Amino acid sequence: MNTVILSASNEDIAFAASLINKGEVVGIPTETVYGLAADAMNEEAVKKIFKAKGRPADNPLIVHVSRFEMVYDIALEIPPLAHKLAERFWPGPLTMIMPKSDKIPDVTSGGLDTVGIRYPSHPVAQALINISDKPLAAPSANLSGSPSPTNCARVYEDMRGRIPAIIDGGECDVGVESTVISFEDGGIRILRPGKISVEDFLTVTDKVYVDKGVLAQLDADAVAKSPGMKYKHYSPKANIILIDSEVDAFKNYVSQNKCENTYCLLFDESEAVAGVGFLTYGVTSEEQAHYLFERLREFDEMGAKTVYARCPSKDGVGLAVYNRILRSAGFNLIKL
Ligand code: AMP
Ligand code: MG
């Protein structure tokens, strides 16, 4: 299959919408990461997403809408708090899990009786939903297990020959996937952290639980509340080792443990270790979220075997950065 790159012009978005309406899969920009979109209510189309990604069938997809009213068709029940959260954070990087209506096929929800729903703020994603007039199921546009793509070139790298088209909408703003929440006990539980943070939710409800799976590896026999959490994730080919320490201890550790093709992932270049190559991913949590996945892919291009990474702060969107980098490191965390 030939994969064409489309622009974000009205004409190209209309063409992408015609592909969606024919049951095809299109790579699309969102404010978080690029997605692989198909008609969420078309079982055959959704199956093509799983095939293109090589995604396990029990890992559910998020359904994207372009106005709140679309939720009534997708969810069987809408918790009162969902209205409040939508008012505050939609459109934006928040996915809310609700009981699913019969219109959403089981393939879309990975066999669960719930569905994750999000209203993205990216104008191209909104336009495509509006013009195709379909809610779009869209997971991240990477091959299953790889870091999520935050620009069109990375989607092309993974999806070339697997999908008919990608819309190039430039670089994604946030850089990590949406915050995924479920409703519990009159409040919410964060299943996957993202840009909408614990601190943000606390402005709307005082019951904010952070699921155990956010910060730690789930036991092999534990039932994952968010099935995606049980799979290998965000993994580059390089072996990432996350080092939780002050900068001097970090530098010492790296100089004593460096071998061939060892690199560092630093906040900024002042932390460089003599004789060891590095990339930086920024000083603020926002910068780190924006650059993390792209840097992981760059290390692979550089032929990195081992990458020692500075450990991000867990505040705000930092919790999402920590959650992703910990998984890309296969939970290999060294505290000094
Ligand atoms: P991705 O599509 O790559 O952004 O991954 C979607 C994430 O949302 C996965 O980690 C899923 O496990 C999670 N998710 C989607 N729908 C549900 C649901 N109904 N219940 C629990 N988690 C969900
Ligand atoms: Mg993903």
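1. A short note on the site of ligand 1
- As a matter of local geometry, ligand 1 sits amid 17 residues, with T114, P139, R192, S226 and G228 nearest to it.
- Separating a nitrogen atom of ligand 1 from a side-chain N or O atom of T114 is a distance of 3.0 Å.
- Between ligand 1 and S140, the relevant distance is 3.1 Å, taken from an oxygen atom to a side-chain nitrogen or oxygen of the residue.
- Within the complex, the protein chains bury 96% of what would otherwise be the 490 Å² of accessible surface of ligand 1.
- When residues of the shell around ligand 1 are assigned to their parent elements, the largest contribution, three residues, is made by strand β6 (residues 114-118).
- Looking at the shell around ligand 1, its residues break down into eight nonpolar, six polar and three charged.

2. Focus on the sheet that holds strand β14 (residues 277-280)
- If you walk across this open sheet you meet the five strands as β14-β13-β15-β12-β16, and the pairing is parallel. Looking at which strands have only one partner, the edges of the open sheet turn out to be β14 and β16 (333-335). Across the sheet, the mean angle from the axis of one strand to that of its neighbour is 25°, orientation sign disregarded.
- Sheet analysis places strand β13 (residues 262-266) next to strand β15 (residues 306-310), joined by four bridges and oriented parallel. Paired with T262 across the bridge in β15 is T306.
- Sheet strands in contact with helix α10 (residues 318-328) are β12 (239-244), β13, β15 and β16, and its direction is about 135° off that of β12.

3. Regarding the pattern of salt bridges
- One pass over the full model with this rule turns up 19 salt bridges.
- Across the pair K47 and E43 runs a salt bridge, and its minimum N-O distance is 3.8 Å. With a gap of four residues between them, K47 and E43 both fall in helix α2 (residues 43-53), about one helical turn apart.
- The exposure class of K47 is partly exposed, given its relative accessible area of 37%.
- For R154, the salt bridge is made with E301, and the minimal N-O distance between the two is 2.7 Å. Taken together, the positions of R154 in helix α6 (residues 152-159) and E301 in helix α9 (residues 285-301) put the pair 147 residues apart, joining distant regions of the chain.
- Note on R154: relative accessible area 6%, which makes it buried.
- The exposed category is assigned to E301, whose relative accessible area is 55%.
- Through salt bridges that share partners, R154, E157, D158, E294, R297 and E301 make up one connected network.

Each value, and the rule that gives it
Residues numbered from 1 in each chain as written. Chains lettered and ligands numbered in written order. Predicted model: local features only at pLDDT ≥ 70, side-chain atom pairs only at ≥ 80, totals over all residues. Heavy atoms only, no water. Near = heavy atom within 4 Å. Polar contact = N/O pair within 3.5 Å; in protein donor to acceptor, adjacent residues only side chain to side chain. Areas by Shrake-Rupley, 256 points an atom, 1.4 Å probe, with all protein chains shown as cover. Helix = DSSP H or I, 4+ residues; strand = E, 2+ residues; numbered from the N terminus. Nonpolar A, V, L, I, M, F, W, Y, C, P; charged D, E, K, R; others polar. Pairing = 2+ DSSP bridges. Axes fitted to C-alpha atoms, helices over the stretch in contact; angles between N-to-C directions. Contact = heavy atoms within 4.5 Å. Salt bridge = Lys/Arg side-chain N within 4 Å of Asp/Glu carboxyl O. Buried < 20%, exposed > 50% of the residue type's maximum accessible area, 1.4 Å probe, protein only.

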